[in-house]
Amino acid sequence: MMESFLARKAELLELTDPDRIYVENIRSIFNLPTKIAKLLCELAVKSGQFEKRYGVKCPNCSRLIKVYNTLDEIPQNIKCLSCEVLEVDRFEFNRAEFDVVTFYRLRR
Ligand SMILES: [Zn+2]
């Protein structure tokens, strides 16, 4: 399965942002169950094709605030600059409030 996955790398590049590949993208492009798509992504990390990234999403505006290489790098508190600029009541969130989304980056 890994071979066909790599063979379709061009397609992957065409259909997704190579810096932000979500399991959902892999799932729909390759028409796979989510579990298998996730497994493929992890295999791609192990074989050096993908790099894993963690994005912090603002609970207020849903924008991606910042991207980290490891979970340990994610701070306890994070500020959303977009919400701050818009003068929304709350623009600083703690770890329990914000969502962390996992995605992958295609190594080139
Ligand atoms: Zn925000």
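What counts, and at which threshold
- Residues numbered from 1 in each chain as written.
- Predicted model: local features only at pLDDT ≥ 70, side-chain atom pairs only at ≥ 80, totals over all residues.
- Heavy atoms only, no water.
- Helix = DSSP H or I, 4+ residues; strand = E, 2+ residues; numbered from the N terminus.
- Expected span 1.5 Å × (residues − 1).
- Buried < 20%, exposed > 50% of the residue type's maximum accessible area, 1.4 Å probe, protein only.
- Arc of directions from axis to C-beta.
- Core = buried A, V, L, I, M, F, W, Y, C linked by side-chain atoms within 4.5 Å.
- Contact = heavy atoms within 4.5 Å.
- Domains from an automatic or database assignment.
- Buried area = accessible area lost by both parts, 1.4 Å probe.
- Salt bridge = Lys/Arg side-chain N within 4 Å of Asp/Glu carboxyl O.
- Nonpolar A, V, L, I, M, F, W, Y, C, P; charged D, E, K, R; others polar.

Student: Explain helix α4 (residues 34-46) to me, please; I cannot follow it from the model alone.
Tutor: Every α-helical turn comprises 3.6 residues, leaving residues that sit three or four positions apart pointing alike. With 13 residues, α4 should cover 18 Å at 1.5 Å per step; its first-to-last C-alpha distance of 18 Å lies within 8% of that length. What α4 keeps buried is the set Ala37, Leu40, Cys41 and Ala44. End-on view of α4: buried residues confined to an arc of 100 degrees, all on one side of the axis. In α4, the exposed positions angled more than 90 degrees off the buried face are occupied by Lys35, Leu39 and Lys46. Just past α4, the residue Gly48 takes up positive phi, approximately 80 degrees.

Student: Teacher, can you tell me more about the nonpolar core here?
Tutor: Nonpolar side chains in soluble globular proteins tend to be buried together. Counting 14 residues, the largest nonpolar core has Leu12, Ile21, Ile26, Phe30, Cys41, Phe50 and Tyr104 as its most contacted members. When contributions to this core are tallied by element, the ones reaching two or more residues are α3 (23-30), α4 and β5 (99-106). Those residues within four positions of Tyr104 in sequence are excluded, and the remaining contacts are Pro18, Asp19, Arg20, Ile21, Val23, Cys41, Glu42, Val45, Phe50, Glu51 and Lys52. If you look at the next biggest cluster of nonpolar residues, it comprises 10 residues, including Val56, Ile78, Phe93 and Phe98.

Student: Looking at this model, I keep getting lost on the domain arrangement of the protein chain. Mind explaining?
Tutor: Reports often express the size of an interface as the amount of accessible area lost when the parts come together. The domain architecture assigned to the protein chain consists of domain 1 (2-48) and domain 2 (52-106). Averaged C-alpha coordinates put domain 1 and domain 2 at centres separated by 24 Å. The interface of domain 1 with domain 2 comprises 11 residues on the first partner and eight residues on the second. Regarding the contact of domain 1 and domain 2, the summed buried area is about 930 Å², with carbon and sulfur atoms giving 63% of it. Here domain 1 and domain 2 share two salt bridges between them. Of the charged contacts, one joins Asp19 and Arg105 as a salt bridge, the two residues approaching to 3.3 Å between their closest N and O atoms. Sorting the residues of the side of domain 1 that touches domain 2 by element identifies α2 (9-15) and α4 as the ones contributing at least two each. Among the elements that take part in the side of domain 1 that touches domain 2, α4 stands out by supplying three residues, more than any other. Counted by class, the side of domain 1 that touches domain 2 contains seven nonpolar, no polar and four charged residues.

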